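Overview (structure and organization)
Each chain is listed here by its residues.
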Amino acid sequence: MLKIFTKNTSRVMLDPSTTAKNAIFIKMNKRPLLTKIIPLSLLVGLATSIHISATDYSKRAFGFGAVPNYEVDYEVPQQDAILESIDRMFGYTASVTTLKVFDNASGEEIKDPAKITDTAVVDRRFGGFNNWDYTNGVIISSFDLLYELTGESKYLDYNTNFYDFIFKWMPAFREREETSGIRSPYHKMINMEALDHCGSITAALIKTYRRHQDATYRGWIDVVADFITNGQFRLEDGSLARQRPQAVSLWTDDFYMSIPFLAQMGKLTGETKFYDDATRQVIQLSDRLFDWDKELYDHGWSEVSHPYDPKHYWARANGWAMMAMAELLTVLPEDHPDREKVLHIFRTHVKGVVERQEGDGLWHNMLNRELTYTETSASSMFVFSIARAINEGWLPAIYAPYVFTGWNGIAERITPDGRVKGVCEGTTYANDAVYYTYRGAGEHTTFFGATLLAAAETLRLLQNPELEIINSRPNRVNSAIHVKPAYK
């Protein structure tokens, strides 16, 4: 142990800078033979060599600690900054959703479905933004929420323009496929074989239909309802399942590919059977996929490996599950008999997830493997879901700092032109850690709808009149963000 004394008084000195004119004694481990008079200049050099300044030593000696150097901003986000991020992401999305069809041979745009050619294709120059796809369903749901929060017509206009384009061109492409055998860009929409092909994108369609009641929208909603209820492969107990990559498999992704649609159908029709099916999926899928010890979801389950199914806690799979439960609880009647069961699963899952938040505010791509990178889409899903839960009163206000720090980390990933970095590629259900560990991440993707949802719900949290938000104080050693009920 290193101790410093004045030459004249032999008193322990806590701040060497105050004794410039005095020689210094150093004693180590109370051994007299190691006591020696050393000039102050040499002591300062010693302190510098071990990277401890006199001021730092003083603070540590007094127990003050050092001002933390946070990896991302440790403060409550500003509403204006969130709105600016939303504007950037919306601007990018609007610019790449061209809603155009081209002749692939001539390069000419085709504007009339009656003039469709054998080489006609939907514009994919900027990716899949013109597609009937589950990722676009999340983007459209985010714009529906932003329209609700802001009243800005551009969000609803985007959604209606998107669906109007789909239903304008899909019949022509379907007819071409049926008559000439040329695969349609809407093949998966026309020939539904999986929940990926319909659940998320049609849940968003229902939300749009409630604001823009187009009969064409309603007709396709019923088509999807029939497929999910009567056509999709299920286990004997009614659990929605897949026949890939193993013959009988469950994917945690299918929480979001089915449950939000069933929840929205319940709200649209008032029919209890849809709510019942949605809660049944949460409970029964959780029976096989939720690890109650780790409080996390395994990505997949297979009948062939039951009951010794290996577990891989992929972050976005956990995000799909958490978001799906949040969407369901938002519309599920308070008196539904399974509501408390769903709430218990949701709250337990949130607890398991927040305890694994990293120092940059985000979560690792494999939640239990710190060697994997922190990933943006899943982090956005968690931030959205936790913020929604606080706003709706399902979780206490003490969870809010996870939202604020999470959003600050996410905001760092939004590029100046509105794309989102650090998003894991699409991932199948695999049975080895190497596959999951080395999943790539990019920024040219449609997997950023959850980031828009996180922004919107965080904005709503900041505006929540039921909460008192106490910000951290900059450059303080010990100052935390606190959120508590606003008592009047």
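Parameters and conventions
Residues numbered from 1 in each chain as written. Predicted model: local features only at pLDDT ≥ 70, side-chain atom pairs only at ≥ 80, totals over all residues. Heavy atoms only, no water. pLDDT = per-residue confidence, 0-100. Contact = heavy atoms within 4.5 Å. Axes fitted to C-alpha atoms, helices over the stretch in contact; angles between N-to-C directions. Helix = DSSP H or I, 4+ residues; strand = E, 2+ residues; numbered from the N terminus. Left-handed = near helix turned anticlockwise from the far one by under 90°. Nonpolar A, V, L, I, M, F, W, Y, C, P; charged D, E, K, R; others polar. Salt bridge = Lys/Arg side-chain N within 4 Å of Asp/Glu carboxyl O. Buried < 20%, exposed > 50% of the residue type's maximum accessible area, 1.4 Å probe, protein only. Phe/Tyr/Trp six-rings, centres within 6.5 Å; stacked < 30°, edge-to-face > 60°. Lys NZ or Arg CZ within 6 Å of the ring centre and 35° of its normal. Core = buried A, V, L, I, M, F, W, Y, C linked by side-chain atoms within 4.5 Å.

1. Some points on the confidence of the model for the protein
Mean pLDDT over the protein: 89, with 87% of residues reaching 70 or higher. Low pLDDT, under 50, characterises residues 1-38; the predicted model gives this stretch 66 contacts beyond four residues in sequence or across chains. Confidence drops under a pLDDT of 50 for residues 40-63, and excluding neighbours within four residues, the segment shows 23 contacts in the predicted structure.

2. Some points on the packing of helix α7 (residues 199-211) against helix α8 (residues 215-231)
Taken N-terminus to C-terminus, the directions of α7 and α8 make an angle of 145 degrees; their axes are 10 Å apart at the nearest point. Like other packed secondary-structure pairs, α7 and α8 cross with a definite hand, here left-handed. On α8, the residues that touch Gly199, Thr202, Leu205, Ile206, Thr208 and Tyr209 of α7 are Tyr217, Arg218, Trp220, Ile221, Val224 and Ile228. Grouping the amino acids of the contact of α7 with α8 by side-chain chemistry returns 8 nonpolar, 3 polar and 1 charged.

3. With respect to the environment of asparagine 104
Within the fold, asparagine 104 resides in the loop between β4 (101-103) and β5 (109-110). For asparagine 104, the residues in contact, after removing those within four places along its chain, are Thr119 and Val121.

4. Regarding the pattern of salt bridges
Evaluated as defined, the whole model comprises 25 salt bridges. Aspartate 144 is the partner of arginine 211 in a salt bridge, and the nearest nitrogen-oxygen pair spans 2.7 Å. On the criterion of sequence distance, the pair formed by arginine 211 in helix α7 and aspartate 144 in helix α4 (residues 134-150) is long-range, its members being 67 residues apart. Looking at aspartate 144, the relative accessible area reads 8%, which means it is buried. For aspartate 277, the salt bridge identified is with arginine 280, shortest N-O distance 3.1 Å. One end of the pair is aspartate 277 and the other is arginine 280, both in helix α10 (residues 272-289) and 3 residues apart, which spans about a single turn. Residue classification places arginine 280 among the partly exposed residues on the basis of a relative accessible area of 32%.

5. Regarding the packing of aromatic side chains
This structure, assessed with the given rule, holds 29 aromatic pairs. With 5.1 Å between their ring centres and 75 degrees between their planes, phenylalanine 90 and phenylalanine 143 make a pair best called edge-to-face. Linking phenylalanine 90 in helix α3 (residues 79-96) with phenylalanine 143 in helix α4, this pair joins segments that are 53 residues apart in sequence. Per residue, the accessibility class of phenylalanine 90 equals that of phenylalanine 143, and both read buried. Ring geometry for phenylalanine 90 and tyrosine 155: centres 5.1 Å apart, planes at 75 degrees, overall edge-to-face. One end of the pair, phenylalanine 90, is in helix α3; the other, tyrosine 155, is in helix α5 (residues 153-180), with 65 residues separating them in the sequence. As far as the burial class goes, phenylalanine 90 and tyrosine 155 line up, both buried. The structure contains a cluster of three or more aromatic residues connected by ring pairs, namely Trp132, Phe162, Tyr163, Phe167, Tyr217 and Trp220. Directly above the ring of tryptophan 251 sits arginine 242, whose terminal nitrogen or CZ lies 3.8 Å from the centroid.

6. Brief notes about the nonpolar core
Counting residues in hydrophobic clusters, the biggest one holds 131 residues, and the most contacted among them are Trp132, Tyr163, Tyr186, Phe346 and Ile386. Tallying contributions element by element places helix α11 (residues 315-331) first for this core, with 11 residues. Among residues more than four places away in sequence, those in contact with isoleucine 386 are Met322, Val350, Val354, Leu395, Tyr399 and Val403. Formed by 8 residues, the second largest nonpolar core is a distinct cluster that contains Met366, Tyr429, Ala430 and Tyr436.

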